[in-house]
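What follows is each chain in one-letter form.
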Amino acid sequence: MQTKITELFNIKYPIIQGGMHYVGFAELAAAVSNAGGLGIITALTQPSADDLKKEILKCKELTDNPIGVNLTFLPSLAAPDYPAYIQAIIDCGVKIVETAGRNPEPYMEYFKNNGIKVIHKCTSVRHSLKAEKIGCDAVSVDGFECGGHPGEDDVPNMILLPRAADELTIPFVASGGMADGRSLMAALSLGASGINMGTRFMATKEAPIHQNVKEALIDASELDTKLIMRSLRNTERVLNNKAVEEIVNTEKKLGTKLNFSDIEEQVAGVYPKVMQDGEMDIGAWSCGMVVGLINDIPTVKELIDRVIEQAKDIHNSNKVIF
Ligand SMILES: Cc1cc2nc3c(=O)[nH]c(=O)nc-3n(C[C@H](O)[C@H](O)[C@H](O)COP(=O)(O)O)c2cc1C
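Residues numbered from 1 in each chain as written. Predicted model: local features only at pLDDT ≥ 70, side-chain atom pairs only at ≥ 80, totals over all residues.

1. Let's talk about the overall build of the protein chain
Quick note on the threshold: Under the scheme used here, helices are H or I runs from DSSP no shorter than 4 residues and strands are E runs no shorter than 2 residues, and both carry numbers assigned from the N terminus. All radius of gyration figures rest on C-alpha atoms, and the globule criterion is 2.2 Å times the number of residues raised to 0.38. Residues with at least 20 other C-beta atoms within 10 Å of their own are called buried, those with 12 or fewer are called exposed, and the rest are partly exposed. The C-beta atoms themselves are positioned from the backbone.
Of the regular secondary structure elements, the protein chain holds 14 helices and ten strands. In terms of overall dimensions, the protein chain is globule-like: its C-alpha atoms have a radius of gyration of 19 Å, near the 20 Å expected for 322 residues. Projected onto the principal axes, the alpha-carbon positions of the protein chain cover approximately 50 × 50 × 40 Å. Burial statistics for the protein chain: of 322 residues in total, 46% are counted as buried.

2. Regarding the site of the ligand
Here is the rule: Any residue whose C-beta atom, as set from the backbone, lies within 6 Å of a molecule or strand is reported as near that molecule or strand. Throughout, the ten residues Ala, Val, Leu, Ile, Met, Phe, Trp, Tyr, Cys and Pro are labelled nonpolar, Asp, Glu, Lys and Arg are labelled charged, and all others, Gly among them, are labelled polar.
Near the ligand, the surroundings consist of 28 residues, among which Gly 18, Ala 100, Gly 147, Gly 198 and Gly 288 are the closest. A per-class count over the shell around the ligand returns nine nonpolar, 16 polar and three charged.

3. Here we look at the sheet that holds strand E3 (residues 67–73)
As a reminder, the rule being used: At least two bridges found by DSSP between two strands is the condition for calling them paired. Note on geometry: axes are C-alpha line fits, over the in-contact stretch for helices, and angles between N-to-C directions span 0 to 180 degrees.
If you walk across this open sheet you meet the eight strands as E1-E8-E7-E6-E5-E4-E3-E2, and the pairing is parallel. Strands with a single pairing partner mark the edges of an open sheet, and in this sheet they are strand E1 (15–17) and strand E2 (39–42). Adjacent strand axes in the sheet meet at a mean angle of 30° when their direction is disregarded. Pairing between strand E6 (residues 138–142) and strand E7 (residues 172–175): four bridges, direction parallel. Counted as the bridge partner of Val 141 is Ala 174 from E7.

4. Points about the domain arrangement of the protein chain
Many authors give the size of an interface as the accessible area that is lost as the parts come together. Rules: Per the annotation, domain bounds derive from an automatic or database assignment of domains. Placing C-beta atoms from the backbone, we regard two residues as in contact once those atoms come within 7 Å.
As assigned here, the protein chain comprises domain 1 (4–208 + 296–314) and domain 2 (221–286). Summarising the inter-unit geometry, the C-alpha centres of domain 1 and domain 2 are found 24 Å apart. Facing the eleven residues of domain 1 at the interface are ten residues of domain 2. Among the residues forming the side of domain 1 that touches domain 2, the class breakdown is five nonpolar, five polar and one charged.

5. A look at helix H2 (residues 26–34)
In terms of residue burial, H2 counts as a mostly covered element, since seven of its nine residues are buried. Along H2, the residues classified as buried are Ala 26, Leu 28, Ala 29, Ala 30, Ala 31, Val 32 and Ser 33. On its buried side, H2 packs onto E1, E2, helix H3 (49–62), E3, helix H9 (199–202) and helix H14 (300–316). Looking one or two places after H2, you find Gly 36, whose phi comes out positive at around 105°.

6. Quick look at unusual backbone geometry
Phi is positive for Asn 10, close to 55°, though the residue is something other than glycine. Mapped onto the elements, Asn 10 comes out in the loop between helix H1 (4–9) and E1. At Asp 154, a residue that is not glycine, the phi angle is positive and equals roughly 60°. Relative to the helices and strands, Asp 154 resides in the loop between E6 and helix H7 (157–167). On the basis of neighbour count, Asp 154 is assigned to the partly exposed category, with 13 C-beta atoms found within 10 Å.

7. Brief notes about the packing of helix H6 (residues 125–133) against H7
For clarity, the cut-off: Should the near helix be turned anticlockwise from the far one by less than a right angle, the crossing is termed left-handed; should it be turned clockwise, right-handed.
The contact between H6 and H7 brings their axes to 10 Å, and the two run at 35°. For the crossing formed where H6 meets H7, the hand is right-handed. From H6, Val 125, Ser 128 and Leu 129 reach across to H7, where they touch Arg 163, Ala 164 and Glu 167. Residues of the contact of H6 with H7, tallied by class, amount to three nonpolar, one polar and two charged.

8. Things to note about H6
The condition that has to hold: Directions are taken from the helix axis to each C-beta atom, and the arc is the one they span.
When we look at burial in H6, the residues that qualify are Val 125, Ser 128 and Ala 131. Looking down the long axis of H6, one finds its buried residues gathered within 115° of arc, a one-sided arrangement. Facing away from the buried surface of H6 by more than 90 degrees, the exposed residues are Arg 126 and Lys 133. Here the buried face of H6 lies against strand E5 (117–122), E6, H7 and E7. Immediately beyond the C-terminal end of H6, within one or two residues, lies Gly 135, with a positive phi of roughly 105°.

9. Digging into the packing of H3 against helix H4 (residues 82–91)
As a reminder, the rule being used: Each angle gets one of four labels, with under 35 degrees taken as roughly parallel, over 145 as roughly antiparallel, 65 to 115 as roughly perpendicular, and the rest as oblique.
Running from amino to carboxyl end, H3 crosses H4 at an angle of 25°, the nearest separation of the two axes being 8 Å. As judged from the angle between their axes, H3 and H4 are roughly parallel. Here H3 and H4 pass one another in a crossing that is right-handed. Contact residues: Ala 49, Leu 52 and Lys 53 in H3; Ala 84, Tyr 85, Gln 87, Ala 88 and Asp 91 in H4. Considered class by class, the residues forming the contact of H3 with H4 number five nonpolar, one polar and two charged.

10. Notes on the nonpolar core
Quick reminder of the rule: Here, a nonpolar core denotes buried Ala, Val, Leu, Ile, Met, Phe, Trp, Tyr and Cys residues that are linked to one another through C-beta atoms within 7 Å.
Ranked by internal contacts, the top residues of the largest apolar core, which has 91 residues, are Ala 29, Ile 41, Val 69, Val 139 and Ile 195. The residues that make up this core include at least three from each of domain 1 (4–208 + 296–314) and domain 2 (221–286). When sequence neighbours within four positions are dropped, the list of residues in contact with Ala 29 reads Gln 17, Gly 24, Gly 39, Ile 40, Ile 41, Cys 59 and Ile 67.

Written out as structure tokens, the structure reads:
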């Protein structure tokens with residue numbers, strides 16, 4: 001299966017595993033790349049640039065195929081040492097970076113001078129066009145249904161993807177709500193050149209996260225996610241739990257007077273406790289509506305093979321008679 005994305009990243013299948021905090025470690029990224037997709041290590045989960053180097057080298061021991069690194073530009077006052085993280089990426093010879101959050105323009109020269117291809121995550125057509133203008137090679141278009149930060153426009157992928165197709169000249173992948181061969185075929189039909197999956201890859205054997213998290217994904221339906229932090233203009237889609245209910249109640253009570261400090265306890269620093277210790281009610285963690293389509297915990301290879309087989313079946317079937 002060849003698309004502009006398989007050609008750009010030199011991968012077998014147009015399937016990317018998006019960066020995920022405390023999920024995107026070497027084991028998962030290598031499994032995805034070995035299965036023919038593009039596995040991505042999440043830089044900021046690593047406490048320092050040196051730790052990122054070690055994680056990349058570990059991943060390179062596990063796969064000879066291309067891998068990427070996610071670099072999320074956070075809206076934080078105490079910014080991580082981004083130049084050091086980028087240097088680690090360059091030193092380790094990684095040639096694909098997935099950027100997210102703020103505009104990556106200040107770092108584009110670094111990337112380009114070192115032969116790194118950049119795919120920027122965008123939740124709107126205007127941000128996608130900006131990414132194209134500043135020299136990004138591709139865009140990951142994240143619809144309203146996505147796990148993590150869907151932005152503030154609330155446009156679902158049924159609309160956002162064809163809008164992106166109408167405006168962009170660089171290739172893009174569909175992100176948010178992607179789970180199987182039906183998603184892949186739909187994404188291609190709407191103008192994307194592949195898919196990016198986050199939540200679906202968490203429920204795989206190789207995802208290095210607590211079994212409780214994987215089981216929570218199996219138990220949940222498409223009705224079980226909530227949006228938090230809207231009034232802070234930092235909206236995040238998360239799986240509902242006790243802590244999230246507390247956040248939602250605090251947000252209702254305080255309205256536009258909400259400060260981050262009012263919900264900090266349930267939001268800041270909770271990822272290791274959820275993903276590694278399996279404490280399911282301790283805080284808010286990203287999860288997409290696609291959780292309603294997750295019913296098992298296959299290996300990454302089984303999942304990717306299944307996506308491709310189902311896509312081929314749809315392509316070859318004569319379900320529609322004109
Ligand atoms: C647990 C989790 C953590 C995530 N962490 C990040 C992150 O650190 N940086 C980032 O750019 N995207 C992050 N994302 C977003 C994913 O890369 C991807 O864009 C999103 O999950 C796609 O939507 P889906 O979950 O419906 O597949 C995260 C998603 C999840 C589910």
